[in-house]
Structure formats: C-alpha cells, structure tokens
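Okay, here's what each chain looks like letter by letter:
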Amino acid sequence: MTTTTTDPAPERLRRWRLVLGGDGADGTGCALSGRDAAMDGALSALYGKGGEPQTGRERAAGLGASAPSVARWLGDIRTYFPSSVVRVMQRDAIDRLGLATLLLEPEMLEAVEADVHLVGTLLSLGKAMPETTKETARAVVRKVVEDLEERLATRTRAALTGALDRSARTDRPRHHDIDWNRTIAANLKHYLPEYRTVVPERLVGHGRAARSVKKEIVLCIDQSGSMAASVVHASVFGAVLASMRSISTRLVVFDTAVVDLTDRLDDPVDVLFGVRLGGGTDINRALAYCQSRITRPAETVVVLISDLYEGGIRDEMLKRVAAMKASGVQFVALLALSDEGVPAYDREHAAALAGLGAPAFACTPDLFPEVMAAAIEKRPLPIPDTA
C-alpha cells in the first residue's frame, strides 16, 4: 500500500516568509499572493522597519498618519487574525507608532477591538478627548467593564459571601441564629447510641449582627500611568463589592493628590472617568486619608494597589501601615491587579512591607476573590509562587 504525503517544504517556506517579512535577506525565495499577501501587508505596516511604510513592491504597506488608513488597517487585522492577536497588534500599534491621539476620533474607536489596555489608553488621554468622542469612548469602556463584570462578579460574590459567613460564626449563638447542620457536624463525636441522639457541647451559629455590615473594605489605588490595567480591574471589583449589603466599600485613587470615588461605585464606568492616569505618587498621603476614614479597624481590610514607587515620605508610609496593622486592620499590598504579570516595582519598599507582615505581590483578577476571602477570614493570603 502506497501512502501519498504532501511535501511540507512549501508550507514551511510560506510560514518563514510571513515571519521574516520578505526583505531580500530572508532567503526563502517564496512569493505571496492573495490572502497571504494581504496578511503580510497588515503585518508589514506595523512591524516594518521603524514602523514606517517600506519601499519596493512587497513593502508598500503602511499605517500612515490618517484615521481612515488606520481604520482600514484595523478592519484588515480583524479579518486575518483572531481577537487575542488583534488586541496585541492594536497595543503594539498604539505604543510603536504613537496612534493614541487618533483614538480621539469616533470612527477610530468604533473600529478597534475593545480590551483593558485600550480602556487604559483612553483614560490616559483624559481631558484631551473632544466632546464628539466622549460618548463613543464611554460605550467602548462600558463594553469592557460589562465583560469583566460578567466574568468576575458571580465568583467574587460567592467567595466573599462564604468568607463573611465563616467570619461571623460564633460558639454562643442565640437560638434563632443556630446553624443546626454545622452544629450537628461539629458534635458527632458526642452521639449517644442508647438515646439515638447527639448531645451538642458546642453550638455553631451566627452573631446578632448577621444582617448588618460585617466588614469594611478600602481599595486604595495608585493611578500612575503604569497602573492602568489595575485601575480598570479594581474599579470593577469595587462596584461588585459595593453591591454586597454586608460590605461597606470605599474606593480611593491617588497620585500626588487623593480622590475619593466611593459615591460613584454604583457605576464603574463613572469611576473610571473620574480617574486621572499619570502624574506622581504619594502613597503616604493616600494611606493617611484611608486611615482617617477607618472606624472599625478589627473589621476593616485595606487593599493598597501600587507598584510602590513612593514620591512621598517613605518612613511615614511604613509607620502608617504598621499602625493600621497594630490596630487590627487587615492590610493587603498588591503590586498589580491584572493579567499582565509581575510589573516593575520598588523592591526595597516591598521588602519593608513584608517585614511588617504585609507581603506585596502581583494578583490576577481571577485570584483576587480568594485573596479578599482570606483577608476577611484573617487567614494567610494565597500568594502566588511567582511573587
């Protein structure tokens, strides 16, 4: 029996041609046509030498500096590549070719693939955004926010509701607050066969304040430019936490100034448009404000989200953290709240916080509910191995 196989050499040459870009030194001798040529053109426009249009028949593509040409390019890459690749190429186009200002035009915003990085870019444009673009920008931001809420809200509420229930248990509950299932499970060793019953020596239940606010959470977010993705995720989580009756949530953003956005937590899009990305950093000042708003330290969790590059008074910042912890506050320091990995951060400050019993680590949005649940229950935090 004879088996016919397709020669893989031409396919390998085609792939290498797309990777190498087709300059004379690529050595493949492979010409592209049709869809492959169009795909190569889209790649060349972004990743050609210096990000500029190239000369020659195969290097005629380029993004230029006009919104129509960029909008066409955005449409092309969405045709040829999956969404995950499109988002990477958009990010590279903004960073490599300085296209952020073109996002101020409504037709451009309608063409892009919305993601967290794009939201961060829009927020960084801030007051430069014309009125004609603001509504389109809000629609883009809302889409990303709604997608994040759909992904994260249910898991967050479930994790924190369980943590709140466990943290509120008491061994001396009133009759109506006894959790009979857990009480029986905790006293099975006291089963009396002759009476066919369990004699409970320890009751498990909830305290009298079970329906009141059990915990207070303060999200203190560094809004320097490098923290854009963290600001987006933290705003979404802030809105989710604020929707839970048993939690009182405060959201504070800072650079060298401190802004309390708690009154906007019913809509995370409003929170994000209240953020001003960029500027310096004064962590000590922000923590001083948060500390002044704490009324029940033993029932409070403070979450500092910052790369810890402090422009304020370092020693005062550390003393403030130590004082909060001594008063009973659960202090959580996150270097980032994003899927982008461990960011650049001030290692000296991170080590100093660890010495105070507040290790700083990068946290993904998927891990955040577990981190908050652990903080609420006052148990060790689930710190990733990569921290």
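Here is what the cut-offs are and how they apply
Residues numbered from 1 in each chain as written. Predicted model: local features only at pLDDT ≥ 70, side-chain atom pairs only at ≥ 80, totals over all residues. Heavy atoms only, no water. Buried < 20%, exposed > 50% of the residue type's maximum accessible area, 1.4 Å probe, protein only. Helix = DSSP H or I, 4+ residues; strand = E, 2+ residues; numbered from the N terminus. Pairing = 2+ DSSP bridges. Right-handed = clockwise from strand over helix to strand, strands pointing away. Disulfide = S-S within 2.5 Å. Axes fitted to C-alpha atoms, helices over the stretch in contact; angles between N-to-C directions. Parallel < 35°, antiparallel > 145°, perpendicular 65-115°, else oblique. Left-handed = near helix turned anticlockwise from the far one by under 90°. Contact = heavy atoms within 4.5 Å.

As recorded in an unreviewed UniProt entry, the protein chain goes by VWFA domain-containing protein and comes from Streptomyces viridosporus.

Caption draft 1: Quick peek at the pairing of strand β10 (residues 360–363). Of the two faces of β10, the one holding A360 and A362 and the one holding F361 and C363 are both buried throughout. Pairing geometry for strand β9 (residues 330–337) and β10, over four bridges, is parallel. Each residue of the ladder has a partner; that of L337, found in β10, is C363. Regarding the hand of the β-α-β motif, the stretch spanning β9, helix α13 (residues 347–355) and β10 is right-handed.

Caption draft 2: Layout of the state of the cysteines. Tallying each qualifying case throughout the model produces zero disulfides. Summary of cysteine pairing: C220 is not part of a disulfide, and the nearest cysteine sulfur, belonging to C290, is at 3.7 Å. Look at C290 and you get buried, because its relative accessible area is 0%.

Caption draft 3: Fine view of the packing of helix α11 (residues 283–292) against helix α12 (residues 314–326). Axis separation between α11 and α12 bottoms out at 8 Å; the angle between their running directions is 25°. It follows that α11 is roughly parallel to α12 by the angle criterion. For α11 against α12, the interelement crossing comes out left-handed. Two secondary-structure elements touch here, α11 through I283, N284, L287, A288 and Q291 and α12 through E316, M317, R320, V321, A323 and M324.

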